[in-house]
Amino acid sequence: MTEAIRVLVVEDDPVAAAAHILYVGRVPGFTAVGKAQTGAEARRLLERTPVDLLLLDLHLPDVHGLKLARSLRAAGHHADVIAVTSARDLAVVREGVSLGVVQYVLKPFTFATLRDRLARYAEYRATVGEASGQDEVDRALATLRAPAPSALPKGLSAPTLERVTGALRDRGTGLTAAGVAETVGISRITARRYLEHLVETGRAERHPQYGQVGRPELVYRWVRRAERGH
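What you are looking at is a predicted structure, and each value in this text was computed from that prediction instead of being measured.

**Overview of the packing of aromatic side chains**
Scanning the model with the defined rule gives one aromatic pair in all. Ring centres of Tyr23 and Phe111 lie 5.5 Å apart, and the angle between their planes is 50°; on these two criteria the pair is classed as tilted. One end of the pair, Tyr23, is in helix α1 (residues 14-25); the other, Phe111, is in helix α5 (residues 111-126), and 88 residues separate them in sequence. Phe111 matches Tyr23 in its accessibility class, with the two residues each being buried. Geometry around Phe111 places Arg26 over its ring, the cationic atom sitting 3.9 Å from the centre.

**Some thoughts on the confidence of the model for the protein chain**
The predicted model of the protein chain averages 82 in pLDDT, with 79% of residues at 70 or higher. No element of the protein chain has a lower mean pLDDT than helix α10 (residues 225-228), at 38, and none a higher one than strand β1 (residues 5-10), at 97. For the stretch residues 225-230, pLDDT sits under 50, and the model shows nine contacts to residues farther than four places along the chain or on other chains.

**Looking at the pattern of salt bridges**
Per the counting criterion, the structure on display carries ten salt bridges. When the shortest N-O distance is used, the salt bridge between Asp116 and Arg120 registers 3.2 Å. One end of the pair is Asp116 and the other is Arg120, both in helix α5 and four residues apart, which spans about a single turn. Among the salt bridges present, the one from Glu217 reaches Arg188, with a minimum N-O distance of 3.2 Å.

**Thoughts on the sheet that holds strand β2 (residues 30-36)**
Taking strand neighbours across the sheet as the criterion, the five strands line up as β2-β1-β3-β4-β5 in an open arrangement whose pairing is parallel. Looking along the sheet, the strands with just one partner apiece sit at the ends: β2 and β5 (101-106). Sheet twist, expressed as the average angle between the axes of neighbouring strands with direction ignored, equals 20°. Pairing between β1 and strand β3 (residues 53-57): four bridges, direction parallel. Bridge assignment links Val9 to a residue of β3, and that residue is Leu55. Of the strands in this sheet, β1, β2 and β3 are in contact with helix α2 (residues 39-48), which crosses β2 at around 130°. Seen against the sheet, helix α3 (residues 65-74) touches β3, β4 (80-85) and β5 and runs at an angle of roughly 150° to β3.

**Focus: the environment of Gly25**
Along the chain, Gly25 falls in helix α1. A residue is classified by how much of its surface remains accessible, and Gly25, at 55% relative accessible area, is exposed. Considering only alpha carbons, one finds Gly25 and Val7, 18 residues apart in sequence, at a separation of 9.6 Å.

**Some words on the side chain of Glu196**
Position of Glu196 relative to the elements: it lies in helix α9 (residues 188-200). Look at Glu196 and you get buried, because its relative accessible area is 19%. Among the polar contacts made by the side chain of Glu196, one reaches the side chain of Arg206 at a distance of 2.6 Å. Discounting chain neighbours no more than four positions away, the residues touching Glu196 are Arg206 and Tyr220.

Scoring rules and cut-offs
- Residues numbered from 1 in each chain as written.
- Predicted model: local features only at pLDDT ≥ 70, side-chain atom pairs only at ≥ 80, totals over all residues.
- Heavy atoms only, no water.
- Phe/Tyr/Trp six-rings, centres within 6.5 Å; stacked < 30°, edge-to-face > 60°.
- Helix = DSSP H or I, 4+ residues; strand = E, 2+ residues; numbered from the N terminus.
- Buried < 20%, exposed > 50% of the residue type's maximum accessible area, 1.4 Å probe, protein only.
- Lys NZ or Arg CZ within 6 Å of the ring centre and 35° of its normal.
- pLDDT = per-residue confidence, 0-100.
- Contact = heavy atoms within 4.5 Å.
- Salt bridge = Lys/Arg side-chain N within 4 Å of Asp/Glu carboxyl O.
- Pairing = 2+ DSSP bridges.
- Axes fitted to C-alpha atoms, helices over the stretch in contact; angles between N-to-C directions.
- Polar contact = N/O pair within 3.5 Å; in protein donor to acceptor, adjacent residues only side chain to side chain.

Given below as structure tokens:
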């Protein structure tokens, strides 16, 4: 089995830190290995605890998160960073790119939002081997980015797509349109539209389920990019 991705939560608000640890623990393939309330505490934990990913609040009491990320890089720590912030300054976003910040999550956020970001990060980490060309490189990098709302077909919304996507990811064996509808709280017809969109964009596959009376029912399953590459 693949080892879980180890996450260090760096957050000075105890309530938020507890929630983030709970969220991380609910995402398959991830484990929270600790929490730190300050930059200094984060450095001490990193010295003795292997960490793959920092869930990093940018506004810590003793240091700005990006300054902490810069000092960690200089000290030889190579953990990636998902930045958590209420700030919407795009200059900060640009600065973070060179410091290993692979995602930004704006406060306040839901479990579904963090789950989506972590799942995309896991797919990104899973891409291995040599790319066959530019398109494959672009697809590997695109796993970190949420689909642009403007790219969705008319009548589909990004929040609902995120919930449908989360339902498929959580059920590795696949779901029917009726199963997604019940899980997400939408109609079966609406669920099918979102599922077909995921199939058309290569992020899900469908196959008939036989063995029942009448027409076979379609089952949809999430497709990991790494699995499609082999």
